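Residue strings, one per chain:
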Amino acid sequence: MLKVLRARLQQGHRTIDFPDGAPALPERFRGQPVLDQARCETGCRACAESCPTDAITSDHRLQLDLGRCLFCGDCVEACPQGAIRFTRDHRLATRSRNDLVLRGQALQLAHALDEKARRLFGRSLKLRQVSAGGCNACEADVNVLSTVVFDLGRFGIQFVASPRHADGLLITGPVTENMRVALQKTYDAVPAPKLVIAVGACAISGGPYIDHPEVHNGAASVVPVDLYVPGCPPHPLTILDGLLRLLGRLR
């Protein structure tokens, strides 16, 4: 017992200050991209041709779909004019799929649920996580939210084992054909009213597997989605930021 107490004292306070303090992000972190239309030369398709998921179009106006983007950085290296750059801004979640399409405007971050929904979910939100054919990257970053560093429970958010005990679903993966019916049944088992959160490029658009015959291009093809969290995988702070914005904890 004494050894346990001594180890705890040596470890100190491990939970991060977020959202009160500035998040500590690794040097190689790629956050919200910025498009500089003035630098984009007419007819140059170097960035679009380098993108593995066709997230970029540049025929008439430079456009980047965050729902498809893998944040690989190939477009930045390919663009001779530096028209695309990634910032260190971890805030990426939106309420609308269309808001993930950037054309040079500021990203429209997720707005909060209506007052009635906030009264229901704002202080206690139970989620059932569904891996609909994911590679385990997004799943891993979702799992660490329950560790002492992020401590998701301090916000009243918790992952539960059964959809019948849940207020909504958090979905990862591109929704493979083998998971389509399972996802639908899980959604049906959640009592109404319910929320759906799509985490990662796969769950939003199919990611690198988009339009594969065994993939349904994301959660919205099966169930209605209330929050989109882009990334491949999204950083845990990006996921947490989106959840808190949905509940009206951040502005």
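Details of the structure are given in the entry above.
About the cut-offs
In every chain, residue numbers begin from 1 and rise along the written sequence. The predicted nature of this model means local features are confined to residues of pLDDT at least 70 and side-chain atom pairs, given and counted, to a pLDDT of 80 or more, with totals for whole chains, interfaces and linings taken over all residues. Side-chain calculation: all heavy atoms of the structure are included, whereas hydrogens and water are not. Here the rule is simple: two strands pair whenever DSSP picks up at least two bridges between them. Numbering of helices and strands runs from the N terminus; a helix is a DSSP stretch of H or I covering at least four residues, while a strand is a stretch of E covering at least two. Note on patches: the residues involved have over 30% relative accessible area and no salt bridge, like charges join within 9 Å, and the nonpolar side chains Val, Leu, Ile, Met, Phe, Trp and Tyr join within 5 Å. Per-residue accessibility takes into account occlusion by the displayed protein chains alone, with areas from the Shrake-Rupley method and a 1.4 Å probe. Within this document, salt bridges are pairs made up of a side-chain nitrogen of Lys or Arg and a carboxyl oxygen of Asp or Glu, the two lying within 4 Å of each other. Relative accessibility decides the category of a residue: with a 1.4 Å probe and only protein chains considered, values under 20% of the type maximum give buried, values over 50% give exposed, and everything between is partly exposed. Crossovers are marked right-handed if the path from the first strand over the helix to the second runs clockwise, as seen with the strands pointing away from the viewer. Throughout, disulfides are identified as pairs of cysteine sulfur atoms within 2.5 Å of each other.

So, about the sheet that holds strand β3 (residues 63-65). Two orientations exist for strands paired in a sheet by backbone hydrogen bonds: parallel and antiparallel. Ordered in space as β2-β3-β5, the three strands form an open sheet in which the pairing is antiparallel. In the strand order of this sheet, the two ends are held by β2 (56-57) and β5 (101-102), each with one partner. Sheet analysis places β2 next to β3, joined by two bridges and oriented antiparallel. Across the sheet, Ile56 pairs through a bridge with Leu64, a residue of β3.

Turning to a nonpolar patch on the surface, a few remarks are in order. Together, Met1, Leu2, Val4 and Leu5 make up an exposed nonpolar region whose accessible area comes to about 490 Å². Relative to the assigned elements, Leu2 resides in helix α1 (residues 2-11). Residue classification places Leu2 among the exposed positions, given a relative accessible area of 72%.

Here strand β9 (residues 195-199) lies mainly inside the structure; five of its five residues are buried. Residue alternation in β9 divides its side chains into two sets, Leu195, Ile197 and Val199 and Val196 and Ala198, and both sets are buried. Across four bridges, the pairing between strand β8 (residues 168-172) and β9 is parallel. Paired with Leu170 across the two strands is Ile197, which belongs to β9. Handedness of the β-α-β unit built from β8, helix α6 (residues 177-189) and β9 comes out right-handed.

Taken as a whole and assessed by the stated rule, the structure comprises zero disulfides. Cys51 takes part in no disulfide bond, and the closest cysteine sulfur, belonging to Cys72, lies 6.2 Å away. The exposure class of Cys51 is buried, given its relative accessible area of 14%.

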